[in-house]
Amino acid sequence: MRPSTLRALKRAAELTRQNRLTEAVLIAEPVILAADSYEGDEILRWLAEHVTDFTGENDKETP
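Break down the overall build of the chain for me, with residues and values.
A tally of regular secondary structure across the chain gives four helices and zero strands. Secondary structure of the chain in N-to-C order comes out as α-α-α-α. Along the first, second and third principal axes, the C-alpha atoms of the chain reach 40 × 25 × 15 Å. Expressed as a percentage of the 63 residues in the chain, the buried residues total 24%. Excluding contacts between residues fewer than 6 apart, the proportion of contacts in the chain whose partners are at least 24 apart in sequence is 52%. Of the accessible surface of the chain, which amounts to about 4,800 Å², a share of 53% is contributed by carbon and sulfur atoms. Positive and negative side-chain charges of the chain, numbering 8 and 12 respectively, have mean locations separated by a distance of 7 Å.

Cut-offs applied
Residues numbered from 1 in each chain as written. Predicted model: local features only at pLDDT ≥ 70, side-chain atom pairs only at ≥ 80, totals over all residues. Heavy atoms only, no water. Helix = DSSP H or I, 4+ residues; strand = E, 2+ residues; numbered from the N terminus. Buried < 20%, exposed > 50% of the residue type's maximum accessible area, 1.4 Å probe, protein only. Contact = heavy atoms within 4.5 Å. Areas by Shrake-Rupley, 256 points an atom, 1.4 Å probe, with all protein chains shown as cover. Lys, Arg positive; Asp, Glu negative; His and termini not counted. Charge placed at Lys NZ, Arg CZ, Asp CG, Glu CD.

Following this line, the structure appears as structure tokens:
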């Protein structure tokens, strides 16, 4: 994944945690739409692995 794409995704996650969803979408959408199929796959994997970056929740198991 290009460094600029990763920066945009991380910034979108930060804005989402701050309840600034519109701004997050404005930042993430263009880079997602511009991605080729290879980078798109990388983005999907990154998003799946970093869900808690967007929610701000810790990934804790409950007994």
